[in-house]
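One-letter residues, chain by chain:
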Amino acid sequence: MTELHIGGVAASQLVAQYGSPLYVYDQQQLETNLQAYKQAFQSDRFPTKILYASKAFQTVGMMNLVNQYGFGVDVVSAGELYTALQSDVPVDHIYFHGNNKSTEELKMAFESGMQHIVCDNLMELTELSQLANDYKQPMQIMFRLNVGIEAHTHEYIVTTHIDSKFGMAYDSSDFKACLELLNDNDYLELEGFHVHIGSQIFEMDAWYAAIDKMVSYLNDFDQPLTLNLGGGFGVRYTEDDKPLGIEETMNQLLRYLDQSLTAADLTVKELIIEPGRSLVAEAGYTLYEIGYQKQTPNKTYYFVDGGMADNIRPSLYQAKYSCDVANKMDAEKTEHVTVAGKYCESGDVLIQDVALPKVEKGDLLVVYATGAYGYSMSSNYNRSLTPAVVFAKDGQTTEIVKRQTYLDLLRNDLK
Ligand code: LLP
């Protein structure tokens, strides 16, 4: 039987060494994606910068890898900031997002020497202004703007409709007040504007519409400002998803922006993007051991030893994935089954209606493209242990996160 290899390592060997379930990244694929972004996202008109959106998959090892390619990172919490600070990423390459940063988080930003904050709202800027005066420390401020564009994707992950909790409308009184407040502060500097129109987007038209809006705003300012277009570039989870690919997406984005800027006779100080999913999703695999099988009147279930605790996306977003039996890659797919997890919820189903070979207890199931928002949204539901994370490349493995132990589960229990 043909067996799946990831980064040159057999699935069975990976599970034997690191346990199951297991998150595995094909490190070469990660590096190919990083390189593709780096190469394609360049302009001879203005400097460009790529920030990896940590929320998609963050560990110290991942931070160090993106840093090797010269990427900065965006963080959205003290925890993500702390992780980035523990890595090789220089502090001035870290950008702080979030709609409700706590005072503690903002203080952490000043005390760690951060230089970039993406401000979401007027109350935040008021607090930032106070803190900058207290610390007597400069801070570059990007404003997150809500351009009122709803990108085509699942409703829960649309962020930029008019009543979104994120950002401010350019023509709002809050945003005008922000600009005045910033002007009056000796330490805060206007870096530019940020927009993020959603996630898992395939339609370039959505970006173009956002670019048009942003360019029209930039036109109101005398000095060139930085433009940050966020993340959201779509990936292939199943054969129904048809992303353009990193290179083509970047080429089209840059071409459109170039035209818009030329038409407006403008330039930008710097152009930033924040891809998360498109850097890591397709490089990630989850390996599970298949346990029991069960026949109900209308379904055949294959049960695996993980599920919603290691991948909440199918239950939360009805996200679709594809899979194979990793130790029977060339077996005929004679069965039509539902792959369900082991957790105590009926909704804990990983994949509905998929053709797979006949299996035995102990066979391995691979779910593809789980590298984004899998580990980072994992939980200990039912007191399950968070799996290890392994990078595989050229037949070698590097353990990036070790599997939790039962002791980890009890670590904070006091009685
Ligand atoms: N920048 C900002 C400001 C964001 O809010 C996000 C994602 C990104 C960048 C990265 O977007 P990406 O390139 O990864 O699409 N948990 C959901 C996705 C939530 C995305 C939130 N923001 C999921 O599993 O689909």
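Residues numbered from 1 in each chain as written. Predicted model: local features only at pLDDT ≥ 70, side-chain atom pairs only at ≥ 80, totals over all residues. Heavy atoms only, no water.

## A short note on the pattern of salt bridges
The cut-off we apply is this: Salt bridge, as applied in this entry: a Lys or Arg side-chain nitrogen positioned within 4 Å of an Asp or Glu carboxyl oxygen. Helix and strand definitions here come from DSSP, where helices need a minimum of 4 consecutive H or I residues and strands a minimum of 2 consecutive E residues; each element is numbered from the N-terminal end. Note on exposure labels: buried denotes an accessible area under 20% of the residue type's maximum, exposed denotes more than 50%, and partly exposed covers the range between, all computed with a 1.4 Å probe on protein chains only.
The full count for this structure, using the stated rule, is 11 salt bridges. In this structure, Arg45 engages Asp258 in a salt bridge whose closest nitrogen and oxygen atoms are separated by 3.2 Å. You can see Arg45 sitting in the loop between α2 (27-40) and β4 (48-53) and its partner Asp258 sitting in helix α9 (residues 246-264), a full 213 residues away along the chain. Across the pair Lys101 and Glu124 runs a salt bridge whose closest N-O atoms are separated by 2.6 Å. Here Lys101, found in the loop between β6 (94-96) and α5 (103-112), pairs with Glu124, found in helix α6 (residues 122-135); they are 23 residues apart in sequence, far enough to count as distant. Both residues of the pair, Lys101 and Glu124, count as buried.

## Thoughts on the site of the ligand
Quick note on the threshold: For each residue, the test is whether any non-hydrogen atom lies within 4 Å of the molecule or strand; if one does, the residue is near. What qualifies as a polar contact is a pair of N or O atoms within 3.5 Å, subject to a donor-acceptor requirement within protein and to the restriction that residues adjacent in sequence count only when both atoms come from side chains. Each accessible area value is a Shrake-Rupley result obtained with a 1.4 Å probe; residue values ignore everything except the protein chains displayed when judging cover. In this classification, the charged set is Asp, Glu, Lys and Arg, the nonpolar set is Ala, Val, Leu, Ile, Met, Phe, Trp, Tyr, Cys and Pro, and all remaining amino acids, among them Gly, are polar. These domain limits were set by an automatic method or by a database of domain assignments.
Taken together, 19 residues sit near the ligand, with Ser199, Glu274, Arg277, Arg313 and Tyr373 positioned nearest. Between an oxygen atom of the ligand and a main-chain N or O atom of Gly276, the distance comes to 2.9 Å. Separating an oxygen atom of the ligand from a side-chain N or O atom of Tyr373 is a distance of 2.6 Å. Coverage of the ligand by the protein amounts to 93% of the 580 Å² it exposes when considered alone. Within the shell around the ligand, the residues separate by chemical class into six nonpolar, seven polar and six charged. Counting only domains with at least three residues in the shell around the ligand, you end up with domain 1 (5-24 + 282-410) and domain 2 (97-275).

## Focus on the pairing of strand β18 (residues 388-393)
For clarity, the cut-off: We call two strands paired when DSSP finds no fewer than two bridges between them.
Here β18 lies mainly inside the structure; five of its six residues are buried. Note: β18 against strand β19 (residues 396-401), five bridges, orientation antiparallel. Across the sheet, the residue bridging to Phe391 is Thr398, located in β19.

## Focus: the packing of α5 against α6
Quick note on the threshold: Geometry is summarised by axes, namely lines fitted to C-alpha atoms with helices restricted to the contacting stretch, and by angles between N-to-C directions that run from 0 to 180 degrees. Roughly parallel means an angle under 35 degrees; roughly antiparallel means over 145; roughly perpendicular covers 65 to 115; every other angle is labelled oblique. A crossing counts as left-handed when the near helix is turned anticlockwise from the far one by less than a right angle, and as right-handed when that turn is clockwise. Here, residues are in contact when the closest pair of their heavy atoms is within 4.5 Å.
Axis separation between α5 and α6 bottoms out at 11 Å; the angle between their running directions is 40°. Between α5 and α6, the angle falls in the class oblique. In terms of crossing hand, the pair formed by α5 and α6 is right-handed. Across from Thr103, Leu106, Lys107, Phe110 and Glu111 in α5, the residues of α6 making contact are Glu124, Glu127, Leu128, Leu131, Ala132 and Tyr135. The residue inventory of the contact of α5 with α6, partitioned by class, reads six nonpolar, one polar and four charged.

## Section: the environment of Met204
Relative to the helices and strands, Met204 is located in helix α8 (residues 204-218). Separated by 146 residues in the primary sequence, Met204 and Gln58 place their C-alpha atoms 27 Å from one another.

## Brief notes about the environment of Arg313
Here Arg313 shows up in helix α11 (residues 313-317). Judged by relative accessible area, Arg313 falls into the buried class, the value being 4%. Between the C-alpha atoms of Arg313 and Thr370, which are 57 residues apart in sequence, the distance is 9.4 Å. A distance of 2.9 Å separates polar atoms of two side chains, one belonging to Arg313 and the other to Tyr321.

## Some remarks on the packing of α6 against helix α7 (residues 173-184)
The N-to-C vectors of α6 and α7 enclose an angle of 10°; their axes lie 9 Å apart at closest approach. Here α6 lies roughly parallel to α7, going by the angle between them. Residues Leu122, Leu125, Thr126 and Ser129 of α6 form the contact with α7, whose own contacting residues are Asp174, Ala177, Cys178, Leu181 and Leu182. Classifying every residue of the contact of α6 with α7 gives six nonpolar, two polar and one charged.

## What to know about the UniProt feature "active site" (unreviewed entry) in the protein
To keep it simple, the criterion reads: UniProt positions are given in the numbering used here, feature names are shortened, and annotations may be inferred rather than shown by experiment.
In the UniProt entry, the feature "active site" (unreviewed entry) is given for Cys344. The residues touching Cys344, leaving out its near neighbours within four places in the chain, are Tyr381 and Asn382.

## Details of the pairing of strand β9 (residues 188-194)
In terms of burial, β9 is largely enclosed, as six of its seven residues are buried. Examined bridge by bridge, β9 and strand β10 (residues 226-228) share three bridges and lie parallel to one another. Following the sheet pairing, His194 is matched in β10 by Asn228.

## Quick look at the sheet that holds strand β11 (residues 270-273)
If you trace the eight strands once around the closed barrel, you get β4-β5-β6-β7-β8-β9-β10-β11, paired in parallel fashion. Sheet twist, expressed as the mean angle between neighbouring strand axes with direction ignored, is 30°. Bridge count for β4 against β11 is three bridges, and the pairing is parallel. Within β11, the residue paired with Ile50 across the bridge is Ile273.

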